[in-house]
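Structure at a glance
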Amino acid sequence: MRFRIFHRTRYVYRAPVRDSYNELRLRPVTDDKSRLEFFLLNVNPPARLRHFRDNWLNYVHYFDLPEPHGDLTIEAQSTINTTNPYADGRPTGVKFATLKTDLDDMVVPFLGGSCYVEISPEVWRLGIDIRDDRDDVFEVAEAVMHHIFKNWAYAPNTTSVNTHMNEVLESKKGVCQDFAHLMIGICRSLGIPSRYVSGYLYNGPDSHLRGAQASHAWVEVHVPGKGWYGLDPTNDTLADERHIKIATGRDYNDAAPITGHFDGPPGATTALQVELEVRRTDG
């Protein structure tokens, strides 16, 4: 599928702020399943954009605005071609024992706790119950996804970007970010390396997908000998060509599309306006 993506975020301040520093993870990933054709990033007030690769190999733009300003607009435009990572089938057939023998330095960080994920006795017991007598790594990850979709309510505006997995575990409700953190915690408790994915989701005219109105989040699990594969617990579906990846990390803290700070009066931000369009252009 070929998509054009338009993503604009605007911050309006109650009083002028200054010394604003921002990091942007908005450039879609190019890999063997997706090819980025075009990417343009603009900020207003104008600033010099620089970039680097972070610890998780995400493409990060950053900029400074030392002068006083009353608003900030960040606008990203992309054109990307995607293919279905599951075109050759699901990566089944890998037993749990393999998880203990096939670890490398790029996988180990996705096994323990992180800023929004805790491997607690409660989440471990839940993981054991979901696994039951299954011994296939990917089938267990799918079972975790199904369980969250069936037992947790999709409830916008009930959580925030700072909501911890433990709150979601107790409240039984949340949004895509919350369900991704919960699934990551359960999978890691079982020894399945799992990482957070931020990106976009195309909701076509015949689709009924949740989370397509804003930046979306899902999970990738590492299957030994086969690689990383995405699952979307918000929609109980495999992450296919409709899922457009922009960043990965241990949790939201590593993969947030926009982060930053500024100097200004308390409560300076008065409005956040987000406009997002993901449009299919290949028919």
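Above: the structure in question.
A short tour of the structure in this document, coming up. As a convention, each chain's residues are numbered from 1 in the sequence order in which they are written. pLDDT decides what is reported in this predicted model: residues at 70 or higher carry local features, side-chain atom pairs at 80 or more are listed and counted, and totals for whole chains, interfaces and linings draw on all residues regardless. Side-chain numbers come from the whole structure's heavy atoms, not from hydrogens or water.

So, about the sheet that holds strand β10 (residues 227-232). Here a strand pair is declared whenever DSSP counts at least two bridges between the two strands. Secondary structure elements follow DSSP: runs of H or I no shorter than four residues count as helices, runs of E no shorter than two count as strands, and numbering proceeds from the N terminus. As summarised here, the arrangement of the 5 strands in space is β11-β10-β9-β8-β12, forming an open sheet in which the pairing is antiparallel. Of all strands in the sheet, those bounded by a partner on one side alone are β11 (237-238) and β12 (243-249). Two elements, strand β8 (residues 194-201) and strand β9 (residues 216-223), share 6 bridges in a ladder whose sense is antiparallel. Looking at the pairing, Val197 lines up with Trp218 of β9. Seen against the sheet, helix α2 (residues 137-151) touches β9, β10 and β11 and runs at an angle of roughly 20 degrees to β10. In what follows, a contact means two residues having at least one pair of non-hydrogen atoms within 4.5 Å. Structural elements are reduced to axes, namely lines fitted to C-alpha atoms, with helices fitted over the stretch in contact, and the angle between N-to-C directions of any two is expressed from 0 to 180 degrees.

The subject of this paragraph is the pairing of strand β5 (residues 69-82). Working definition: with a 1.4 Å probe on protein chains only, accessible area under 20% of the residue-type maximum means buried, over 50% means exposed, and in between means partly exposed. With 10 of 14 residues buried, β5 lies mostly within the body of the structure. Bridge count for strand β1 (residues 2-24) against β5 is 12 bridges, and the pairing is antiparallel. Within β5, the position partnered with Phe3 by the bridge is Ile80. Summarising the sheet, strand β2 (residues 34-44) and β5 pair through 10 bridges and their orientation is antiparallel. Looking at the pairing, Phe39 lines up with Ser78 of β5.

Turning our attention to the packing of α2 against helix α4 (residues 176-189). Running from N to C, α2 and α4 cross one another at 140 degrees; their axes reach a closest spacing of 10 Å. Classed by the angle they form, the pair α2 and α4 counts as oblique. Both α2 and α4 take part in a crossing whose hand is right-handed. Between α2 and α4, the residues in contact are Ala141, Val144, Met145 and Ile148 and Phe179, Leu182, Met183, Ile186 and Cys187, respectively. A breakdown of the residues in the contact of α2 with α4 according to their chemical character gives 9 nonpolar, no polar and no charged. By definition in this entry, angles of less than 35 degrees are roughly parallel, angles greater than 145 are roughly antiparallel, angles of 65 to 115 are roughly perpendicular, and the rest are oblique. Throughout, a crossing is termed right-handed when the near helix is turned clockwise from the far one, and left-handed when it is turned anticlockwise from it by less than a right angle. Each residue gets one of three labels, nonpolar for Ala, Val, Leu, Ile, Met, Phe, Trp, Tyr, Cys and Pro, charged for Asp, Glu, Lys and Arg, and polar for the others, Gly among them.

In terms of burial, β12 is a largely internal element, 7 of the 7 residues being buried. As defined by bridge partners, β8 adjoins β12 across 6 bridges and the pair is classed as antiparallel. By the bridge assignment, Leu201 is partnered in β12 with His243.

Most peptide bonds adopt trans geometry, and most residues besides glycine take a negative phi value. Note the cis peptide between Asn44 and Pro45, where omega equals 10 degrees. Mapped onto the fold, Pro45 is located in the loop between β2 and β3 (50-53). For Asp236, which is not a glycine, the phi torsion comes out positive at approximately 55 degrees. Note that Asp236 resides in the loop between β10 and β11.

A separate point is the state of the cysteines. Note that a disulfide, as used here, is simply two cysteine sulfur atoms within 2.5 Å. Under the definition given, this model contains 0 disulfides. Here Cys115 is not cross-linked by a disulfide; its sulfur's nearest cysteine counterpart is in Cys176, at 17 Å. Just so you know, Cys187 is unpaired, no disulfide at all, and the nearest cysteine sulfur is the one on Cys176, 17 Å from it. The buried category is assigned to Cys187, whose relative accessible area is 0%.

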